[in-house]
Amino acid sequence: MTGLMVQIVLGGALITATTALQVCFIGLMMMATPRAKHWVSRVSLSKVVTVIALAGIWMIIAQLSGVWVWAIAFLWLDAFPDMEVSLYFTLSAYTTLGFGDVLPAKEWRILGALIGANGMLGFGLATASLVEFVTGIWANHDRD
């Protein structure tokens, strides 16, 4: 298998793994929705804000878990000298910011682009799930 194919297969496996991990986070958040709806019904707006903020933090943790998976993979591939550099590059690429001051070893550069695609997918899933969660919470909130 050529170097390009190895990167595509490995990148696809990492995208699949991180997306599955994020779906687990989303599933846990959605399982908490009925309890959260009950807790915020007929009470102050501060409880609604608290629940929504916690859901947002939960989705950030989901994103960061995906970043860690990629960073560990890069470290395992010896693409970076240490975990700090690996995390820095991965977070930069995952958010599609891509500073460009740190690059993986030449044989792993395609993975950097795949991290960006993974990040866009991850943030899209997080946004959609947060909208669904907030809609469910807010629809149940008694505004009287």
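1. Let's talk about the layout of surface pockets
- Space inside the largest pocket adds up to approximately 170 Å³.
- Taken together, M29, A32, A36, V51, L54, A55, W58 and F133 make up the lining of the largest pocket.
- Looking at the lining of the largest pocket, the elements that each hand over two or more residues are helix 1 (3–40) and helix 2 (45–76).
- Looking at which element gives the most residues to the lining of the largest pocket, the answer is helix 2, with four residues.
- The residue inventory of the lining of the largest pocket, partitioned by class, reads eight nonpolar, no polar and no charged.

2. With respect to the packing of aromatic side chains
- This structure, assessed with the given rule, holds seven aromatic pairs.
- Centroid distance F80 to F89: 5.1 Å. Interplanar angle 40°. Geometry classified as tilted. The burial state of F80 is the same as that of F89; both residues are buried.
- Look at Y94 and F123: their rings are 5.6 Å apart centre to centre, the planes differ by 65°, and that puts the pair in the edge-to-face class. Highlighted residues: Y94 in helix 3 (residues 83–94) and F123 in helix 4 (residues 109–140), separated in sequence by 29 residues.
- F123 gets classed as partly exposed once you look at its relative accessible area, which sits at 33%.

3. Focus: a nonpolar patch on the surface
- On the surface, a nonpolar cluster with roughly 410 Å² of combined accessible area is contributed by L4, M5, I8, V9 and I110.
- Looking at the nonpolar patch element by element, the count peaks at four residues for helix 1.
- Its location among the elements puts I8 in helix 1.
- According to the relative accessible area criterion, I8 is partly exposed, its value standing at 40%.

4. What to know about the environment of A105
- Examined against the element boundaries, A105 turns out to sit in the loop between helix 3 and helix 4.
- Counting along the chain gives 26 residues from A105 to A79, while the straight-line C-alpha distance between them is 4.9 Å.

5. Notes on the side chain of S129
- With respect to the element layout, S129 can be found in helix 4.
- When sequence neighbours within four positions are dropped, the list of residues in contact with S129 reads I26, M29, M30 and M59.

6. A word on the packing of helix 1 against helix 2
- Direction vectors running N to C along helix 1 and helix 2 enclose 165°, while the axes themselves pass 10 Å from each other. Between helix 1 and helix 2, the angle falls in the class roughly antiparallel. You can see that helix 1 and helix 2 cross each other, and the crossing is right-handed.
- Class assignment of the residues belonging to the contact of helix 1 with helix 2 gives a composition of 20 nonpolar, six polar and one charged.

Thresholds applied
- Per chain, residue numbering runs from 1 following the sequence as it is written.
- Residue-level local features of this predicted model are given only where pLDDT is at least 70; pairs of side-chain atoms are given and counted only at 80 or more, and the full residue set underlies all totals for whole chains, interfaces and linings.
- Side-chain figures throughout are based on the complete set of non-hydrogen atoms in the structure, without hydrogens or water.
- Each cavity reported here is a set of points on a 1 Å grid over the protein atoms alone in which a 1.4 Å probe fits but cannot get out, each pocket an open set with protein on both sides within 12 Å along at least five of seven lines, and each lining residue one with an atom within 4 Å of a point.
- Grid points are joined across faces, edges and corners, and a volume is the space filled by probe spheres set on the points.
- Segments assigned H or I by DSSP are reported as helices when at least four residues long, segments assigned E as strands when at least two residues long, and all are numbered from the N terminus.
- Residues were grouped as follows: Ala, Val, Leu, Ile, Met, Phe, Trp, Tyr, Cys and Pro as nonpolar; Asp, Glu, Lys and Arg as charged; and all remaining residues, including Gly, as polar.
- Any two rings among Phe, Tyr and Trp, with Trp reduced to its six-membered ring, count as a pair given centres within 6.5 Å; such a pair is stacked if its planes are under 30 degrees apart, edge-to-face if over 60, and tilted if neither.
- Per-residue accessibility, obtained with a 1.4 Å probe over protein chains only, is compared with the maximum for each type, and a residue is labelled buried under 20%, exposed over 50%, and partly exposed between these values.
- Candidates for patches are residues over 30% relative accessible area with no salt bridge; among them, like charges are joined within 9 Å and nonpolar side chains (Val, Leu, Ile, Met, Phe, Trp, Tyr) within 5 Å.
- Each accessible area is a Shrake-Rupley result for a 1.4 Å probe, and residues are judged covered by the shown protein chains and nothing else.
- The rule for a salt bridge is simple: a side-chain nitrogen of Lys or Arg has to be within 4 Å of a carboxyl oxygen of Asp or Glu.
- Any pair of residues with heavy atoms lying within 4.5 Å of one another is described as a contacting pair.
- The axes used here are C-alpha line fits, helices contributing only the stretch in contact, and every angle between their N-to-C directions lies in the interval 0 to 180 degrees.
- Here is the rule for angles: anything less than 35 degrees is roughly parallel, anything more than 145 is roughly antiparallel, 65 through 115 is roughly perpendicular, and the remaining ranges are oblique.
- Two helices crossing with the near one rotated counterclockwise from the far one by less than a right angle form a left-handed crossing, whereas a clockwise rotation gives a right-handed crossing.

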